[in-house]
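# Commentary on secondary and tertiary structure
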Amino acid sequence: MARDRREGLEIKVVNPPAATNNVSVETSPATATRRRRQQRASFAEFRPFKLWFPWLVPAIVVANIALFAISMFINNCPKNSAYCSARFLGRFAFQPMKENPLLGPSSLTLEKMGALDVSMVVHKHEVWRLFTCIWLHAGVFHVLANMLSLIFIGIRLEQEFGFVRIGLLYMISGFGGSLLSSLFNRAGISVGASGALFGLLGAMLSELLTNWTIYANKFAALLTLIFIIAINLAVGILPHVDNFAHLGGFTSGFLLGFVFLIRPQYGYFNQRNNPRGYAAPSAKSKHKPYQYILWITSLVLLIAGYTAGLVVLLRGTDLNKHCSWCHYLSCIPTSLWSCKSQNVYCESSQIGQQMNLTCIANGKTEMYKLSNDIPSRVQQLCSQLCR
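Residues numbered from 1 in each chain as written. Predicted model: local features only at pLDDT ≥ 70, side-chain atom pairs only at ≥ 80, totals over all residues. Heavy atoms only, no water.

## What to know about the overall build of the protein chain
Applicable threshold: Here a strand is any run of E in DSSP of at least two residues, a helix any run of H or I of at least four, and the numbering for each starts at the N terminus. Exposed residues in this analysis have more than 50% of their type's maximum accessible area, buried residues have under 20%, and partly exposed residues fall in between, with area computed by a 1.4 Å probe over protein chains only. Residue contacts are defined here by distance: any two heavy atoms, one from each residue, within 4.5 Å place the two residues in contact. Each accessible area is a Shrake-Rupley estimate made with a 1.4 Å probe; only the visible protein chains count as cover when residues are assessed.
When its secondary structure is counted, the protein chain shows twelve helices and five strands. Within the protein chain, the fraction of its 387 residues that count as buried is 44%. Taking all contacts inside the protein chain whose residues are at least 6 apart in sequence as the whole, residues at least 24 apart take part in 74%. Looking at the protein chain as shown, the accessible area adds up to about 20,700 Å², and 63% of this sits on carbon and sulfur atoms.

Given below as structure tokens:
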């Protein structure tokens, strides 16, 4: 995903006028050498954009791996194979599968650690799960794929724009992905950093568009980036992959790129950083008018979208009932796979203030403390018990 950026901005050095017949200019070799060194030093010190040392992205990678190790430890993996099961590479991947104690923690453990559970968000107003779920992963391959992608994308962005802007971009995009996911995926739980990663991809695209004048080979860079984004989004149409999280993160990152990653226009210089011998052109504004328009429009859309999404979510509205075709954005059924989740059946009985749930398929039994939201979560608990 390499991008070709022009090293500097257009600099014009005006040579001193040639000596006339009436004026003689005498310069010793030592003086001329000293002047050339000073001129080279002034240009060497001039940098149009500061490069940052990337430390936040590696710290995020370490934190994600550490949290995955903790989730495995809580499950007592690989000894306790009854609570460790295989997971698909996607973000939304909790279906009954053959148990494999080496690949990932159980959905019950992930739920306790902060996985996105829509029923918890709606009935208990645990909105914080929209943030915490992006720090959890469902399996070894899941966390490795996401962290390698984060290193590949995030390091370069942090070098160019700094840890503050990239950190905010990562977290807000992850929140946007979780928000859209919770509006359409009502069953099961969801974890993974892919929404935040798609946010970084979306920001790369909007950064290229809003800073169009400072790029060389811009059309080649644009086509390459669009191809990479399309391939990654296409993976989301597979079953049990939360493509709504990908789409929400990408849209959030695309809009945030216009807000956080704006650059001064080509030809703009800060007069304090001008090198010696530089002839300043006519003054130019720092940003072009279209950059200001995109900045304001994106900020308004983000605030309005997040506000409306939270209101709809906390009211418990299922957007699938208002959009009959939207589910195809997350999974397209083919002859090779089905998008329908596998039906599971459980028997329940109440003992005092506890409910006993037994999976008919595998005979597993689990006790749950009765609460107001238990009746609405019976199907989800049954699916977790029968996996």
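More follows now that the structure is in view.
## Some thoughts on the side chain of E126
Locating E126 in the fold gives a position in the loop between α4 (118-124) and α5 (129-132). The exposure class assigned to E126 is buried, which follows from its relative accessible area of 15%. In contact with E126, other than residues within four places in its own chain, are M120 and V121.

## Side note on the packing of aromatic side chains
Basically, it comes down to this: Here a pair means two rings of Phe, Tyr or Trp (six-membered ring of Trp) with centres within 6.5 Å. Their orientation is stacked below 30 degrees between planes, edge-to-face above 60, and tilted elsewhere.
Taken as a whole and assessed by the stated rule, the structure comprises nine aromatic pairs. Pairing W52 with F163 gives two aromatic rings, centres 6.5 Å apart and planes at 80 degrees, and the pair type is edge-to-face. Separated by 111 residues along the polypeptide, W52 in the loop between α1 (29-45) and α2 (56-74) and F163 in helix α7 (residues 163-184) bring together distant segments of the chain. Exposure remark for W52: the relative accessible area of 32% places this residue in the partly exposed category. Through successive ring pairs, a cluster of aromatic residues spans W52, W55 and F163.

## Structural notes on helix α8 (residues 194-210)
Along an α-helix, a turn takes 3.6 residues, which lines up residues three or four apart on a common side. Using the following cut-off: Expected span of a helix: the number of residues minus one, times 1.5 Å.
The end-to-end C-alpha distance of α8 is 24 Å, a good match for the 24 Å that 17 residues give at a rise of 1.5 Å each. Along α8, 16 of the 17 residues are buried, which leaves the element largely enclosed by surrounding structure.

## Let's talk about the state of the cysteines
Our working definition: Cysteine sulfur atoms that pair up within 2.5 Å are treated as a disulfide.
This model, assessed by the stated rule, comprises one disulfide. Each sulfur in the disulfide pair C323 and C326 lies 1.8 Å from the other. When the S-S torsion is 80 degrees, as for the bridge of C323 with C326, the disulfide is right-handed. Comparing C323 with C326, the two get one shared label, buried.

## Re the pattern of salt bridges
So the rule is basically this: A pair is scored as a salt bridge if a Lys or Arg side-chain nitrogen falls within 4 Å of a carboxyl oxygen belonging to Asp or Glu.
This structure, assessed with the given rule, holds three salt bridges. With a closest N to O distance of 2.8 Å, R156 and E160 form a salt bridge. Within this pair, R156 and its partner E160 are both found in helix α6 (residues 140-161), separated by four residues, close to a single helical turn. Assessed through its relative accessible area of 33%, R156 is described here as partly exposed. Note that R263 is salt-bridged to E160, the shortest N-O span being 3.9 Å. A residue pair is termed long-range when its members are at least 10 positions apart, and R263 in the loop between α10 (243-260) and α11 (289-314) and E160 in helix α6 qualify at 103 residues. Note on accessibility: R263 and E160 belong to one class, buried.

## A word on the pairing of strand β4 (residues 354-359)
As a reminder of what qualifies: When DSSP locates at least two bridges between a pair of strands, those strands are taken to pair.
The buried fraction of β4 is high, at five of six residues. When β4 meets strand β5 (residues 365-369), the two strands line up antiparallel, connected through five bridges. Its bridge partner lying in β5, T358 is registered against T365.

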